[in-house]
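# Structural features, examined
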Amino acid sequence: MIVREIRKTAVGNKLYLVWGGFRRTRVPEWDRFEPFYRWAIARGFTADHYISRPRKDEPFGPDNCEIRLARADNGMPSIAQARAWDRTAAKLWALIGQPDPREYERLRGEGMGE
C-alpha cells in the first residue's frame, strides 16, 4: 500500500494523524503506518471512531489499543442521564413558578401550541 494513496481518504488521513500522534509510545511493529492502518481497518475503524490505550503505562500496540465510538464515549450523556436532567429541569421550572418550555414545544409539535 502507498501511504499517499491511503491518506487521500478521510479515514486514512485520520488514522495517519493518530499514528503520528503516538510516535514516541508505539511498539516497533507499528513503526510503519501500513501495519497500523491494516490493524485499525480490520477492526472496523471509521471516521466516527477514535483509538484509546487502556494501559497508559504501556506503548500503543495491537495488544494495548481499543477502537471506540467517538460519539458514545466522548462525554455525551446516556439516555438515562438525559432523562434525569430533564426531570431536574422540570422540577426547577415548577419551583420558580414558570411553565416548562419543553411542554410548549411538545404541544407545538402536535399542532396544539399556537
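If you're wondering where the values come from, they're calculated on a predicted model, not measured in any experiment.

A count of helices and strands for the protein chain gives 6 helices and 2 strands. Ordered by position from the N terminus, the helices and strands of the protein chain form the series α-α-α-β-β-α-α-α. Taking the contacts inside the protein chain whose residues are at least 6 apart along the sequence as the reference set, 38% of them involve residues at least 24 apart.

Next up on the list: the packing of aromatic side chains. In total, this model carries 11 aromatic pairs according to the counting rule given. With a centroid separation of 4.9 Å and an interplanar angle of 75°, the aromatic rings of Trp30 and Phe36 are classed as edge-to-face. Of the two residues, Trp30 and Phe36, neither departs from the other in class, the shared state being buried. Among the aromatic side chains, those forming a connected cluster through ring pairs are Tyr16, Trp19, Phe22, Trp30, Phe33, Phe36, Tyr37, Trp39 and Phe60.

Here Arg53 lies in the loop between β1 (49–52) and β2 (66–69). Buried charge Arg53 goes without a salt bridge, the closest partner of opposite sign being Asp57 at 7.5 Å. Within the structure, the side chain of Arg53 is placed 2.9 Å from the backbone oxygen of Glu58, a separation counted as a polar contact. For Arg53, the residues in contact, after removing those within four places along its chain, are Thr25, Glu58, Pro59, Phe60 and Asn64.

Another aspect to go through is a nonpolar patch on the surface. On the surface, a nonpolar cluster with roughly 330 Å² of combined accessible area is contributed by Leu92, Leu95 and Ile96. As for its position among the elements, Ile96 is in the loop between α5 (79–95) and α6 (101–109).

With that settled, the discussion passes to the pattern of salt bridges. Counting across every chain of the model gives 3 salt bridges. Linking Glu58 and Arg55 is a salt bridge whose minimum nitrogen-to-oxygen distance equals 3.0 Å. By relative accessible area, which is 32% here, Glu58 ends up partly exposed. Looking at Arg55, the relative accessible area reads 33%, which means it is partly exposed.

Ranked by size, the top nonpolar core spans 15 residues in total, and within it Leu15, Trp30, Phe33, Phe36, Trp39 and Ile51 carry the most contacts. Elements that contribute at least two residues to this core include exactly α2 (10–21) and α3 (33–42). In terms of residue count, the dominant contributor to this core is α3 (5 residues).

Attention now moves to the environment of Leu69. Mapped onto the elements, Leu69 comes out in strand β2. Sequence separation between Leu69 and Tyr50 is 19 residues; the distance between their C-alpha atoms is 6.5 Å.

Quick look at the packing of α2 against α3 now. With their axes 10 Å apart at the nearest point, α2 and α3 run at an angle of 120° to one another. On the basis of the axis angle, α2 is oblique to α3. Crossing of α2 over α3 shows right-handed handedness. Only Phe33, Phe36, Tyr37, Ala40 and Ile41 of α3 make contact with α2, whose side of the interface consists of Val11, Gly12, Leu15, Tyr16, Val18 and Trp19. Of the residues that constitute the contact of α2 with α3, the class distribution is 10 nonpolar, 1 polar and no charged.

Here is what the cut-offs are and how they apply
Position numbers for residues start from 1 in each chain and track the written sequence from start to end. Side-chain atom pairs in this predicted model are given and counted only at pLDDT of 80 or more, local residue features only at pLDDT of at least 70, and totals for whole chains, interfaces and linings cover all residues. Here the side-chain values reflect all heavy atoms present in the structure, with hydrogen atoms and water set aside. Put simply, DSSP marks the helices as runs of H or I at least four residues long and the strands as runs of E at least two long, and each gets a number from the N terminus on. Every residue pair with non-hydrogen atoms within 4.5 Å of one another is taken to be in contact. The pairing test for Phe, Tyr and Trp rings, Trp by its six-membered ring, is centres within 6.5 Å, and the orientation test on the planes gives stacked under 30 degrees, edge-to-face over 60, and tilted for anything in between. Under the scheme applied here, a residue whose accessible area is under 20% of the maximum for its type counts as buried, over 50% as exposed, and between as partly exposed, the area being computed with a 1.4 Å probe on protein chains only. For the purpose of counting charges, residues Lys and Arg are taken to be positive, whereas Asp and Glu are taken to be negative. His and the chain ends are not included. Salt bridges are counted wherever a side-chain nitrogen of Lys or Arg sits within 4 Å of a carboxyl oxygen of Asp or Glu. We call two N or O atoms a polar contact when they sit within 3.5 Å, provided that within protein one can donate a hydrogen and the other can accept it, with sequence-adjacent residues counted only if both atoms are side-chain atoms. Surface patches are defined over residues having more than 30% relative accessible area and no salt bridge, joining like charges when they lie within 9 Å and nonpolar side chains (Val, Leu, Ile, Met, Phe, Trp, Tyr) when within 5 Å. The protein chains shown are the only cover counted for residues, whose accessible areas, like all others here, come from Shrake-Rupley with a 1.4 Å probe. Working definition of a nonpolar core: buried Ala, Val, Leu, Ile, Met, Phe, Trp, Tyr and Cys residues. They are joined through side-chain atoms within 4.5 Å. In this description, a line fitted to the C-alpha atoms serves as the axis of each element, helices being fitted only across the stretch in contact, and the angle between N-to-C directions of two axes falls anywhere from 0 to 180 degrees. An angle counts as roughly parallel when it lies under 35 degrees, as roughly antiparallel when it exceeds 145, as roughly perpendicular when it falls between 65 and 115, and as oblique in every other case. Left-handed describes a crossing whose near helix is turned anticlockwise from the far helix by less than a right angle; the clockwise case is right-handed. Throughout, the ten residues Ala, Val, Leu, Ile, Met, Phe, Trp, Tyr, Cys and Pro are labelled nonpolar, Asp, Glu, Lys and Arg are labelled charged, and all others, Gly among them, are labelled polar.

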